[in-house]
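# Close look at the chain arrangement
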Amino acid sequence: MAISQKYPYTGKEVLITRTFDAPIEKVWKAWTDAQSFQKWWGPKGSAVTIMRFDLKPDGMCLYNMAAAPGQPQLLWAKFVYKEVDAPNKLVFINAFSDENGGTTGNPWIPVWPLEIINELTLEEQDGKTLLTLRGHPINASAEEIKAFEGAQAGMEQGFAGTWEKLDQFLAA
Amino acid sequence: MVKRYSSLDSELDLIFGALSDSTRRDILKRNAKKEMSVTDIAKPYDLSLPAVSKHLKVLENAKLIQKHRDGKMYLVTLSPNALMEASDYLRSYEALWNDRLDRLEQYLHSLPQ
C-alpha cells in the first residue's frame, strides 16, 4: 500500500527518482547495513555514528552527527522503520531526536514537521537500479506543512546563489 | 539559548539580516580562522564594546556564531558546519535529498565490482 493511503496527506509531497549504476542488492545494502549506511548518509566531511540499528518494523536506527571526526556531536536523529521488504521497499519515519531516541524538533528551523514518512522503492532495470523516494510530514500542523511545502523546490532558485556565495565567503 | 520564531521566513530573515551588515560580515570572516575573545573582536573597529556585543548578539541569534565563557572572558567561535547543514534545509528539502543521493552514488562507485 502506498504511504499516501496509509498516512493520509493532501499537501505537496517530495518525489525524487534517481538511477544508480549498481545492482539492486548493493543499493539495498547501502540503506540497510549499518556500516554501509553511515559511510554516506551525513553531509560531506561529517562523521555519522550509528548508536542503534534495528532493521524491522517499528525498529529504530539512532545516530548522531558531528561536523568532522572527533568533533562534538551537532545533532541526533533517527529512522523508525515501518516496512522492510528486501530488496525493494523500505518505509521509515525520519525525525530529529535526543540521545535516547525521543523525537525533537529541527534544530535550525523552529516551525518544521517533527516527523516525515519516507517510502523508498528500488527497481532493477538492466543491471541498474531505479530509486524512488516519496516523503511527506505526518502528524503535522497546518503551519508546519506550509513550512515543508515552502522548503521544496520553489525556494531553491531564490537562495541557492546566496548560499554558494556565503560558503565561498566563509572559506576565504 | 533557543529562540522560536513564527515561520521559516523569519529564520531566513535572521540569517540574511545578520549578513546584511559589513561589520558583521567582517567579524565572521576574522572569526572563521580562529576562536576569539569579544575584546579581540572589537579591537580593529572604531566601536564601543557594547556596540560590538550587539553585533555579536545578532550573529548569535542567527546561529552563525557560538559564545562560551572561559573564566572572565567570552570566547566566540563560528558555527560554519551547523550553518552549512542548516543551509541544506533552508535552501530546499529536495536539494537536501539530492545531496544525499549524490553521496550514495559516490559511495556505490567506491565499492568493488
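Before reading further, recall that the structure is shown in the block above.
First, a word on scope: everything that follows refers to the structure included in this document.

Criteria and thresholds
Residues numbered from 1 in each chain as written. Chains lettered and ligands numbered in written order. Predicted model: local features only at pLDDT ≥ 70, side-chain atom pairs only at ≥ 80, totals over all residues. Heavy atoms only, no water. Helix = DSSP H or I, 4+ residues; strand = E, 2+ residues; numbered from the N terminus. Contact = heavy atoms within 4.5 Å. Areas by Shrake-Rupley, 256 points an atom, 1.4 Å probe, with all protein chains shown as cover. Axes fitted to C-alpha atoms, helices over the stretch in contact; angles between N-to-C directions. Parallel < 35°, antiparallel > 145°, perpendicular 65-115°, else oblique. Left-handed = near helix turned anticlockwise from the far one by under 90°. Nonpolar A, V, L, I, M, F, W, Y, C, P; charged D, E, K, R; others polar. Core = buried A, V, L, I, M, F, W, Y, C linked by side-chain atoms within 4.5 Å. Buried < 20%, exposed > 50% of the residue type's maximum accessible area, 1.4 Å probe, protein only. Arc of directions from axis to C-beta. Phe/Tyr/Trp six-rings, centres within 6.5 Å; stacked < 30°, edge-to-face > 60°. Lys NZ or Arg CZ within 6 Å of the ring centre and 35° of its normal. Pairing = 2+ DSSP bridges.

Moving on, we get to the overall build of chain B. A count of helical and extended segments in chain B gives six helices and three strands. In chain B, the order of α-helices and β-strands from amino to carboxyl end is α-α-β-α-α-β-β-α-α. Taking as baseline every contact in chain B between residues at least 6 positions apart, the subset at least 24 positions apart corresponds to 49%. Put simply, chain B shows about 6,000 Å² of open surface, and 50% of that area lies on carbon and sulfur atoms.

Contact geometry of helix α2 (residues 24-32) of chain A with helix α6 (residues 93-110) of chain B gives a least axis separation of 11 Å together with a crossing angle of 120°. Regarding the angle of α2 of chain A to α6 of chain B, the classification is oblique. The hand of the α2 of chain A/α6 of chain B crossing is right-handed. Together, Lys26, Val27, Ala30 and Trp31 of chain A of α2 of chain A and Trp97, Leu101, Leu104, Tyr107 and Leu108 of chain B of α6 of chain B make up the contact between the two elements. Residues of the contact of α2 of chain A with α6 of chain B, tallied by class, amount to eight nonpolar, no polar and one charged.

Counting residues in each nonpolar core, the largest one holds 43 residues, and the members touching the most others are Trp31, Trp41, Tyr63, Phe79 and Leu131 of chain A together with Tyr93 and Leu104 of chain B. Ranked by residues supplied to this core, first place goes to α6 of chain B with seven residues. Among all residues touching phenylalanine 79 of chain A, those that are not within four sequence positions of it are Trp31, Phe37, Trp41, Gly59, Met60, Cys61, Tyr63, Phe92, Ile93 and Asn94 of chain A.

All names here are of chain A. At the junction of alanine 86 and proline 87, the peptide bond is cis and its omega measures out at -10° in the coordinates. Here proline 87 lies in the loop between β4 (73-85) and β5 (89-97). In this model, asparagine 139 sits at a positive phi of 55°, which is unusual for a non-glycine residue. Taking relative accessible area as the criterion, asparagine 139 reaches 72% and is therefore assigned exposed.

What follows concerns helix α4 (residues 142-150) of chain A. Residue and element names in this part refer to chain A. Restricting attention to buried positions, one finds in α4 the residues Glu144, Ala147 and Phe148. Buried residues of α4, seen end-on, are gathered within an arc of 100° and therefore sit on one face of the element. Along α4, exposed side chains directed more than 90 degrees from the buried face belong to Ala142 and Lys146.

Let us now look at the packing of aromatic side chains. Aromatic ring pairs are described here by two measures, namely the spacing of the ring centres and the angle between the planes. Residues and elements named next belong to chain B. Counted by the stated rule, this structure contains 17 aromatic pairs over all chains. Here the guanidinium or amino end of lysine 67 rests over the ring plane of tyrosine 74, the centre of that ring lying 5.3 Å away. For arginine 100, the ring lying beneath its charged end belongs to tryptophan 97, and the centroid distance is 4.7 Å.

This next bit is on the sheet that holds strand β2 (residues 65-70) of chain B. Residue and element names in this part refer to chain B. Strand order in the open sheet made by the three strands is β1-β3-β2, with antiparallel pairing throughout. The open sheet has two edge strands, β1 (36-37) and β2, and neither has a second partner. Pairing geometry for β1 and strand β3 (residues 73-78), over two bridges, is antiparallel. Residue pairing in the sheet places methionine 36 in a bridge with valine 76 of β3.

With that settled, consider the side chain of serine 97 of chain A. Counting through the fold element by element, serine 97 of chain A comes out in strand β5. Excluding residues that lie within four positions of it along the chain, serine 97 of chain A makes contacts with Leu62, Trp76, Ala77, Lys78, Gly102, Thr103 and Thr104 of chain A.

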